[in-house]
Amino acid sequence: MIKERKYSEQNPANAKYHKPLINIKNAIKKYIQSQPEIYKYYNFSYKSQVHDLDLILDECIKRVKYGSTYRSSIYLPKSTFNKIYLDLHKRNILKKSYIELLKMYFKKSPNRKLMYRFTDTTCFVNKNGKTKVKYNGYKKRKVTKGSLETDSNGVVIKSTLNNGNMNDARIFIKDISKEYLVDKDLLERFKNYYVADSGYDTEEIKNYLNEEGFTVIIKGNKKNTKDVNKLKKFKMSKYQKYIYNKRFIIEDTNSNIKSFKLIQTRMDSKSCSFENSLFISYINKVLKYI
């Protein structure tokens with residue numbers, strides 16, 4: 001028997017604890033209501049259905065946040081919850097909601113926000129994943145590797161999923177042709193520093209970024225280098241070190257993403273479903289600056 005819903009945003013005991021999740025829900029809900037072709041699938045005002053849009057989004061967001069199963073919901077039957085959750089992914093609603101938020105975010109001070117661009121990868125421990133899952137020798141387990149590119153505030157502007165055994169340099173080259181989540185003209189107008197760690201220290205990557213017009217700051221990779229003259233080239237100036245130390249911003253983004261338990265431990269079997277779940281954590285990040 002499915003229990004009647006008692007959760008209320010107006011309840012002070014719930015409002016403070018769930019405020020970030022409520023903000024995510026409201027942002028997605030606003031996008032759905034602004035799209036008549038999508039909203040007709042979730043507008044139950046004229047139907048005899050007991051599950052409203054607020055309840056559906058609440059349960060889907062909580063699943064990502066707390067890593068719960070479809071069976072754990074006390075408000076939705078398992079089959080209904082599963083169908084609704086997958087439907088959100090099939091329609092790319094979470095991704096499109098995030099893109100709309102990015103447009104709002106970059107309306108003000110895009111030059112400052114895009115002054116620094118950071119890139120890095122992070123590993124998602126696998127539990128039920130079947131695609132893009134490989135053994136990672138460094139982590140000593142099977143993982144999925146995510147590649148992120150962020151702006152000066154750590155807001156994600158590009159995101160891809162890759163096999164867990166790929167190194168950072170190979171991922172970067174593979175993702176060059178991938179589309180950004182932000183308008184390309186905006187990115188072309190405002191570009192300055194591109195910052196990455198030693199995993200991206202290859203001539204191919206540096207030459208590509210230089211041709212794109214970036215000031216490249218990549219930490220030199222000292223592995224297997226015994227030539228003293230080459231080691232000297234790895235030393236950064238004080239100003240370069242100052243900029244490179246800003247990499248804590250993307251590390252903080254990686255940490256924020258993994259605060260969502262369904263992302264920290266991958267439970268979605270298909271990589272497309274897992275990739276869509278990531279956008280809930282991205283929305284949580286960008287809402288802090290809107």
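Computed from a prediction, not measured in an experiment: that's the story for all the values here. (Residues numbered from 1 in each chain as written. Predicted model: local features only at pLDDT ≥ 70, side-chain atom pairs only at ≥ 80, totals over all residues. Heavy atoms only, no water.)

Enquirer: Whenever I open this one, the overall build of the chain confuses me. Can you help?
Expert: From N to C terminus, the chain includes 14 helices and seven strands. Within the structure as shown, the chain displays about 16,300 Å² of accessible surface, and the carbon and sulfur contribution to it stands at 48%. (Helix = DSSP H or I, 4+ residues; strand = E, 2+ residues; numbered from the N terminus. Areas by Shrake-Rupley, 256 points an atom, 1.4 Å probe, with all protein chains shown as cover.)

Enquirer: Explain the packing of helix H12 (residues 248–257) against helix H14 (residues 271–286) to me, please; I cannot follow it from the model alone.
Expert: Describing two packed helices takes the angle between their axes plus the distance from one axis to the other. Packing of H12 against H14 brings their axes to within 9 Å, and their N-to-C directions diverge by 125°. With respect to H14, the axis of H12 lies oblique. Helix-helix and strand crossings are classified by hand; for H12 and H14 the assignment is right-handed. Packed against H12, whose contacting residues are Asp252, Thr253, Asn256 and Ile257, the element H14 presents Leu278, Ser281, Tyr282 and Lys285 at the interface. (Axes fitted to C-alpha atoms, helices over the stretch in contact; angles between N-to-C directions. Parallel < 35°, antiparallel > 145°, perpendicular 65-115°, else oblique. Left-handed = near helix turned anticlockwise from the far one by under 90°. Contact = heavy atoms within 4.5 Å.)

Enquirer: Sorry, what's going on with H14 here?
Expert: Residues that lie three or four places apart on an α-helix share one face, since the helix turns once every 3.6 residues. The end-to-end C-alpha distance of H14 is 23 Å, a good match for the 22 Å that 16 residues give at a rise of 1.5 Å each. Taking burial as the measure, the 16 residues of H14 include 14 buried ones, the bulk of the element. (Expected span 1.5 Å × (residues − 1). Buried < 20%, exposed > 50% of the residue type's maximum accessible area, 1.4 Å probe, protein only.)

Enquirer: Explain the pattern of salt bridges here, please?
Expert: Side chains carrying opposite charge are able to pair once their charged atoms draw close together. Applying the stated criterion to the full structure yields 15 salt bridges. We note a salt bridge from Lys145 to Asp168, for which the minimum N-O separation is 3.3 Å. Here Lys145 is found in strand S3 (residues 141–150), whereas its partner Asp168 is found in helix H7 (residues 168–174), with 23 residues between them in sequence. For the pair Lys145 and Asp168, a shared accessibility class is recorded, and that class is buried. Residues Arg247 and Glu251 are paired through a salt bridge, measuring 3.1 Å at the closest nitrogen-oxygen approach. On the basis of relative accessible area, Glu251 is assigned to the partly exposed category, the value being 37%. One network of salt bridges, in which partners are shared, links Asp120, Asp197, Arg247 and Glu251. (Salt bridge = Lys/Arg side-chain N within 4 Å of Asp/Glu carboxyl O.)

Enquirer: Can you help me understand the packing of aromatic side chains in this one?
Expert: What describes a pair of aromatic rings is the distance from one ring centre to the other and the angle between the planes of the rings. Under the defined criterion, the tally for this structure stands at 16 aromatic pairs. Both rings, one in Phe279 and one in Tyr282, keep their centres 5.4 Å apart while their planes meet at 80°; by these two values the pair is edge-to-face. In this pair, Phe279 and Tyr282 both sit in helix H14, three residues apart, roughly one turn of the helix. We note that Phe279, like Tyr282, is buried. By way of ring pairs, the aromatic residues Tyr116, Phe118, Tyr193, Tyr239 and Tyr242 are connected into one cluster. Across the ring face of Phe260, the terminal group of Lys65 is positioned such that the distance to the ring centre comes to 4.7 Å. (Phe/Tyr/Trp six-rings, centres within 6.5 Å; stacked < 30°, edge-to-face > 60°. Lys NZ or Arg CZ within 6 Å of the ring centre and 35° of its normal.)

Enquirer: How should I be thinking about the environment of Glu100 in this particular structure?
Expert: On the secondary structure map, Glu100 appears in helix H5 (residues 93–105). We classify Glu100 as partly exposed; its relative accessible area is 34%. Considering only alpha carbons, one finds Glu100 and Ile28, 72 residues apart in sequence, at a separation of 9.7 Å.

Enquirer: What am I meant to see in the confidence of the model for the chain here?
Expert: Caution applies to low-pLDDT regions: their predicted coordinates should not be interpreted in detail. Predicted confidence across the chain gives a mean pLDDT of 87, with 88% of residues reaching 70 or more. In this model residues 11–17 is a low-confidence stretch, pLDDT under 50, and it forms five contacts with partners more than four residues away in sequence or in other chains. (pLDDT = per-residue confidence, 0-100.)

Enquirer: Looking at this structure, I do not really get the nonpolar core. What am I missing?
Expert: Side chains of nonpolar character tend, in soluble globular proteins, to be buried together. Grouped together as the largest cluster of nonpolar side chains are 52 residues, with contacts concentrated most on Ile28, Tyr98 and Leu102. Among the secondary structure elements, those contributing two or more residues to this core are helix H1 (12–34), helix H3 (53–66), helix H4 (78–90), H5, strand S4 (156–163), helix H8 (184–189), helix H13 (261–264) and H14. Once you skip the residues sitting within four places of it in the chain, Tyr98 turns out to touch Val155, Val156, Leu181, Phe279, Tyr282, Ile283 and Val286. (Core = buried A, V, L, I, M, F, W, Y, C linked by side-chain atoms within 4.5 Å.)

Enquirer: Help me out: how do you make sense of the pairing of strand S6 (residues 215–218) in this one?
Expert: Successive residues of a regular strand alternate their side chains across the two faces of the sheet. Relative to S6, strand S5 (residues 193–196) runs parallel, the two being bridged by four bridges. In the sheet register, Tyr193 faces S6, and the bridge partner there is Thr215. As a crossover connection, the stretch from S5 through helix H9 (residues 203–211) into S6 is right-handed. (Pairing = 2+ DSSP bridges. Right-handed = clockwise from strand over helix to strand, strands pointing away.)

Enquirer: Explanation requested: the environment of Gly154 in the structure shown.
Expert: Its place among the elements puts Gly154 in the loop between S3 and S4. Expressed as a C-alpha distance, the spacing of Gly154 and Tyr282, which sit 128 residues apart in the sequence, is 9.8 Å. Once you skip the residues sitting within four places of it in the chain, Gly154 turns out to touch Ile249, Thr253 and Lys285.

Enquirer: What is the right way to read a positive patch on the surface from this model?
Expert: Together, Lys219, Lys222, Lys235, Lys238 and Lys241 give the surface a local cluster of positive charge. Looking at the element boundaries, Lys238 is found in helix H11 (residues 238–244). Judged by relative accessible area, which is 79%, Lys238 ranks as exposed. (Patch = residues over 30% accessible without salt bridge, like charges linked within 9 Å, V, L, I, M, F, W, Y side chains within 5 Å. Lys, Arg positive; Asp, Glu negative; His and termini not counted. Charge placed at Lys NZ, Arg CZ, Asp CG, Glu CD.)

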